[in-house]
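# Overview (structure and organization)
One letter stands for each residue in the lines below.
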Amino acid sequence: MALDTYREKRRFERTPEPEGGDEGRVGPLRFTVQKHRASHLHYDFRLEMDGVLKSWAVPKGPSLNPEDKRLAMMVEDHPLDYRLFEGVIPKGSYGAGTVMVWDEGVYLPRQPAESREENERNLLHGLHKGHITFLVEGTKLHGEFALVKIQRDEKNSWLLLKKGDQYAGTNDVLEEDRSSISGRTMDEIATQSASAGDVWRTPGKRVEIDLSDAPTLDMPHHIAPMLATPAANPFDRAGWLFEIKWDGYRAIAEIEGKNVNLYSRSKRPFDDIYTPIVRSLHAMANEAVLDGELVVLDDNSKPRFQLLQNYATERKGTLAYYVFDVLYLDGHDLRPLPLRRRKEILRRILPAASNIRFSDHVEERGKDFYALAAQQSLEGVVAKRADSRYLSGRRTAEWVKIKTEQRQDAVIAGFTAPRGSRHDLGALVLGVYEADELIYIGHSGTGMDEATLSDLRARLEPLIRETPAFKTRPKTNAPAQWVEPRLVCSVSFKEWTRDGTMRHPVFMGLREDVAAEGVHRESGPEDEPAVEDTALIDADPESAPPHTTREEPHANGSTPSSAVPTPAAADLVPAVPTAGQEDETPDSPNPSPRIPSSSPQTPTGRTFKLLKKQERETEIDGRLLKLTNLDKPYWPADGYKKRDLIAYYREVAPVVLPYL
C-alpha cells in the first residue's frame, strides 16, 4: 500500500499527524510546502498524485531564482490530509519538531489536459521518467517549477528548479516566514502547542480588553451590514476617517468558540469557498463578530474582482479578508460605541495571519487619499464619521462612499447570439429593480474572455424562458434569448444616458453574494444633485459651527434634542439615492443626506435642496410617493422650503424611528 511506509514510521497514539484514509480525488490537484524544524531545518515539498502526497525534503527550501538548483530528496508518500497539518510532533516520535504550512495551493502539469484524471496520468508518467514540470498557484509560490531526478546511485535524489517566467527573481522568498493558513511563525506554533502536540486550529492567546463602556449581549447572528451613502466628490474634514473601498465581497465573520461562520450580505455562507480565511479566524481566542471585505489581490497587490469571482475554481491571486469593523466582542455589543473606539479594539484582536488584514485609514485628508486611490486604480474611498455608531442593515450619511469610476450591480435578464468568431453569447441584457418591476438599463458585451463566455452560457442555459422578465420589452441591438432574472453581475460604465441606460458598460464579474431582487439603480440622470448640494465639506470650516455631541436615548425611549447631530452649514452629503439602492436587501432604510440645523438666533438663510425638480415620484419602503411643490416656502424668514423639511425628516428618521 502507498502509505505503508508512512504508517510504519509513526505511532499515532503519540503524534498528532493524520493517519490517512481513503481520500476522494475531487477538485483541483493540490500542493503544499511545509517548513519542518526537526533534527535539521528543511522544507517538505508535496504534490497530490495518485491519491497521496508525493513528497520531497528540500534542505535549503524552494528558490525563485532559475540559477539555483535545490537538492530535493524523495521521501515516503504522505496522506492527502497531511497537506494542512501544522503543529508539533512530540519528542521521541519520528520527525519530532515543529511543522508549519509555509505555502499551499493548487498545481497543474505545464501542459494541462481537460480532465483531472488525464493530468494525473501525465504527472505520474513524468514521475516515472524522472522529470516533472508543473505550474503552482500558492500564497507564496507561483509559476513554473520542475523536479528533475539526478542520474546517479542515489535513486531518491532530485533537483527542484524554478523556470524563468514572470514570477522568477532573485529575492529570497523564504523571508516570507509565516504560515499560509494560520499566519503564525515557527516559534508561535511551538509555544502555542501542548506537550502532546496539536494542530494549527489551537486558538491563539485571548486579548483582554476593558469593555465596561459597551452593553452586554449574547452573540448576535446573521447581522445585516451597515451601508454607505453614494457621494459624488471627495472632501476633507476633521472628525472623519477615510478608508479604501475594496473591490470584493462584503463578508461578516462570527467567531464563537470552535465555530467560525463567514457569510455574505445576503446571508450566503462563504465557509466552503474561502476556507483559508476561516482557518485563520480559528486562531482567534476571543469571541467576536467582524465586518470586512473579501478580496483577491493580483501580483501587484491590487484587488481584482474577476480573480475573486473565479477563486473557487482557479485559486489564482492572493486571498485576503480586510476587516474594518468589530461589532461584538466577548459578551459585549460594540455597535453603540464610536467607530474610532471600535477600530482601536479591532486592531488589537485580529490574529497575526497574512490573509487577515486590518483595513487602516487616514484622517481628515480625504481629497489626497481619494487622489491616491484613483492613481492606484482602486475602486474608491469610504468616508466615515469617527464618532458614528454601527447601524445594522441601514444606509446613513455618516458613512459615505466616493467611487473612482461608475459601478453598478445588474441583473442578467437575457443574452444575444454571438457574432463573427465569438462563441457562446454576444452581449448580456441587463436590468435593475424599481419596486417589484425589472427595468432595462442596457447591455454589455465587453470584458469577457472565452472562459468567461463559456461559463456564463453554461449558467444561463438552464434559466432560459420564452418571454422577457422586464416590465417593458427592451429594444436590444440583436435578437435576445431571455432568461430567468437570477444571476447578478457587476459592470463599470462611463455615465447614465438620459433614457436611463448605461453608456459603455464593461462586464467585471458575477456577484455571487448579491440576491437579484435586491439590485437597484445606484444613481441615475434624474438623481444628479445641484452643484451647491455636492459641495460636501468644501465650505470654509472656520465659519461653520461645531458638531454637537451625541447622547444616549432616555430610559423612556425618547431621544433628547442633542441626539440629532448639528453639523456645519456646508456639511451635506452630495448624492441623494433612491430607496433600496446598491446591494443591500430591498427593505433596508435609505436616509437622505444630512440637513444642517442652525441656531434660531443666527439663521443661515441658505436653502438646502433635496431634489432639483419641482415634482418627483419616489419609492419609500415599497410605497410610491409623489412629492409636489417642493419650493413652497414653509419658513420664509429663515429661507426654508418644503424640500428642506422632507430632507430633514429623512435625515432624522434613523435616529428617531427606533424609539417611536
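Residues numbered from 1 in each chain as written. Predicted model: local features only at pLDDT ≥ 70, side-chain atom pairs only at ≥ 80, totals over all residues. Heavy atoms only, no water.

### Some details on the nonpolar core
Counting 38 residues, the largest nonpolar core has L262, Y274, L281, L290 and Y321 as the members making the most contacts within it. Looking at this core, the elements with two or more residues in it are β12 (249-256), β13 (259-264), α4 (275-281), β14 (288-297), α5 (305-309), β15 (318-329), α7 (339-349) and β17 (356-358). The element contributing the most residues to this core is β15, with 5 residues. Contacts of Y274, omitting those with residues within four sequence positions, involve Y249, L262, L294, L308, Y311 and L319. Formed by 34 residues, the second largest nonpolar core is a distinct cluster that contains Y433, W482, V483 and V519. (Core = buried A, V, L, I, M, F, W, Y, C linked by side-chain atoms within 4.5 Å. Buried < 20%, exposed > 50% of the residue type's maximum accessible area, 1.4 Å probe, protein only. Helix = DSSP H or I, 4+ residues; strand = E, 2+ residues; numbered from the N terminus. Contact = heavy atoms within 4.5 Å.)

### Focus on the pairing of β12
In terms of burial, β12 is largely enclosed, as 7 of its 8 residues are buried. Here 7 bridges tie β12 to β14, and the two strands are oriented antiparallel to one another. Looking at the pairing, I255 lines up with A288 of β14. Bridge count between β12 and β13: 6 bridges; the pairing is antiparallel. Its bridge partner lying in β13, E254 is registered against N261. Where β12 folds back on β13, the antiparallel hairpin that results is connected by 2 residues, among which G257 adopts a positive phi of roughly 65°. (Pairing = 2+ DSSP bridges.)

### Things to note about the confidence of the model for the protein chain
Low-confidence regions, as indicated by low pLDDT, have predicted coordinates that should not be scrutinised in detail. For the protein chain, per-residue confidence averages 80 on the pLDDT scale, and 81% of positions sit at 70 or higher. Ranking the elements of the protein chain by mean pLDDT puts strand β29 (residues 616-620) last with 67 and strand β16 (residues 332-333) first with 97. Considering only residues more than four positions removed or in separate chains, one finds that residues 194-203, a stretch of pLDDT under 50, has 33 contacts. Every residue in residues 524-612 scores below 50 in pLDDT, and together they form 216 contacts with partners more than four places removed in sequence or on other chains. (pLDDT = per-residue confidence, 0-100.)

### A few points about the environment of D210
In this structure, D210 sits in the loop between α3 (186-191) and β10 (227-231). Assessed through its relative accessible area of 56%, D210 is described here as exposed. Sequence separation of D210 and I345 is 135 residues, and the distance between their C-alpha atoms is 9.6 Å. A polar side-chain atom of D210 sits 3.0 Å from a polar atom in the side chain of S212. (Polar contact = N/O pair within 3.5 Å; in protein donor to acceptor, adjacent residues only side chain to side chain.)

### Observations regarding the pattern of salt bridges
Counted under the stated rule, the structure contains 45 salt bridges. R70 is paired through a salt bridge with D68; the nearest N and O atoms lie 3.6 Å apart. Taking relative accessible area as the criterion, D68 reaches 24% and is therefore assigned partly exposed. Across the pair R407 and E405 runs a salt bridge whose closest N-O atoms are separated by 3.3 Å. (Salt bridge = Lys/Arg side-chain N within 4 Å of Asp/Glu carboxyl O.)

### Topic: the packing of aromatic side chains
If you walk through the whole model with that rule in mind, you get 21 aromatic pairs. A ring pair is formed by Y43 and W102, whose centres lie 5.8 Å apart and whose planes are at 80°; its orientation type is edge-to-face. Here the residue Y43 occupies a position in strand β2 (residues 41-49), and W102 occupies one in strand β6 (residues 97-109), the gap between them amounting to 59 residues. When the centroid spacing of 5.9 Å and the interplanar angle of 85° are considered together, the rings of Y440 and F470 count as edge-to-face. Residue Y440 is located in strand β23 (residues 437-444), and its partner F470 is located in the loop between α9 (450-460) and β24 (480-482); the two are separated by 30 residues in the primary sequence. Each member of the pair Y440 and F470 is classed as buried. Put simply, the rings of Y249, F270, Y274, F305 and Y311 pair up and form one aromatic cluster. Lying across the ring of W102, K140 places its NZ or CZ 5.3 Å from the centre. (Phe/Tyr/Trp six-rings, centres within 6.5 Å; stacked < 30°, edge-to-face > 60°. Lys NZ or Arg CZ within 6 Å of the ring centre and 35° of its normal.)

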